[in-house]
Amino acid sequence: MKLPTSTEWVLHCAASLAQLQPGETASAAQLAAYYDLPAPYLAKQLQALTRAGILAATTGPRGGFRLARAAKDVTLLQIVEAVDGAVAPYECREIRQQGRGALSAAECQETCPLARTMAEAHMAWRASLAAVSLGDILGELPSGAPARTRRILMG
């Protein structure tokens, strides 16, 4: 499965926002500079996370983004689906019933084994991302990472 580059951006930005102290925010421009990303496009991606209820946005000179709920309550699947949607990446078009090698309708009563296997793989992928929260990711960061992130973003 190949996801857009912007998925990596929002995952890292959400993890960075999870490292902030309560009440702190970071703007799209700050996050873009932190990761050397195009700010206008990143802002659109962050707005998608806001619409999904993952981030909260504030306006004004000290405005920016923060997590809308505790890091332990935000899964990687929620982040990915907020920007990429929940559509399965594989769609079986029943080509086994086409062309010179076509199987009969009677031979295709059961779900295509390739479609079934791809659906199972997609569900396993979703389950694995749903089982990991931003809180879990924070627990795996080097001990000095949150302070460094706050210093750079807030500095």
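Just above, that's the structure.
Quick caveat: nothing in here was measured; it's all calculated off a predicted structure.

Chemist: Would you explain the overall build of the chain in this entry?
Modeler: Helix and strand counts for the chain come out as seven helices and two strands. Start at the N end of the chain and walk to the C end: the helices and strands fall as α-α-α-β-β-α-α-α-α. In terms of overall dimensions, the chain is more spread out than a globule: its C-alpha atoms have a radius of gyration of 20 Å, far above the 15 Å expected for 155 residues. Principal-axis analysis of the C-alpha atoms places the extent of the chain at approximately 65 × 30 × 25 Å. Taking all 155 residues of the chain together, 33% fall into the buried category. A separation of at least 24 residues holds for 66% of the contacts in the chain among residues at least 6 apart in sequence. Surface accessibility of the chain: about 9,400 Å² in total, with carbon and sulfur atoms responsible for 56%. Computing the positive centroid from 15 side-chain charges and the negative centroid from 13, the chain places the two 8 Å apart.

Chemist: Help me understand the packing of helix α2 (residues 28–35) against helix α7 (residues 145–154), please; the structure alone is not making it clear to me.
Modeler: The relative placement of two packed helices is expressed as an angle between their axes plus a distance between the axes. Interaxial distance between α2 and α7 falls to 9 Å at its minimum, and their mutual angle equals 120°. Taken as axis vectors, α2 and α7 run oblique relative to one another. Read as a crossing pair, α2 and α7 show a hand that is right-handed. Where α2 abuts α7, its residues Q30, L31 and Y34 lie against R148, T149, I152 and L153. Per-class residue counts for the contact of α2 with α7 are four nonpolar, two polar and one charged.

Chemist: What am I meant to see in the packing of helix α3 (residues 39–51) against helix α4 (residues 76–84) here?
Modeler: The interhelical angle for the contact between α3 and α4, taken along N-to-C directions, is 115°, at an axis separation of 9 Å. Read as a crossing pair, α3 and α4 show a hand that is right-handed. For the pair α3 and α4, contact is made by Q45, A48 and L49 and by I79, A82 and V83, respectively.

Chemist: Is there a simple way to think about helix α5 (residues 113–130) in this case?
Modeler: An α-helix turns once every 3.6 residues. As a result, residues three or four positions apart point the same way. An ideal rise of 1.5 Å per residue puts 26 Å on 18 residues; α5 measures up with 25 Å between its terminal C-alpha atoms. Those residues of α5 not exposed but buried are A115, H122 and L129. Seen along its axis, α5 keeps its buried residues to an arc of 55°; they face one direction. Contact partners of the buried residues in α5: α4.

What counts, and at which threshold
- Residues numbered from 1 in each chain as written.
- Predicted model: local features only at pLDDT ≥ 70, side-chain atom pairs only at ≥ 80, totals over all residues.
- Heavy atoms only, no water.
- Helix = DSSP H or I, 4+ residues; strand = E, 2+ residues; numbered from the N terminus.
- Rg over C-alpha atoms; globule rule 2.2 N^0.38 Å.
- Buried < 20%, exposed > 50% of the residue type's maximum accessible area, 1.4 Å probe, protein only.
- Contact = heavy atoms within 4.5 Å.
- Areas by Shrake-Rupley, 256 points an atom, 1.4 Å probe, with all protein chains shown as cover.
- Lys, Arg positive; Asp, Glu negative; His and termini not counted.
- Charge placed at Lys NZ, Arg CZ, Asp CG, Glu CD.
- Axes fitted to C-alpha atoms, helices over the stretch in contact; angles between N-to-C directions.
- Parallel < 35°, antiparallel > 145°, perpendicular 65-115°, else oblique.
- Left-handed = near helix turned anticlockwise from the far one by under 90°.
- Nonpolar A, V, L, I, M, F, W, Y, C, P; charged D, E, K, R; others polar.
- Expected span 1.5 Å × (residues − 1).
- Arc of directions from axis to C-beta.

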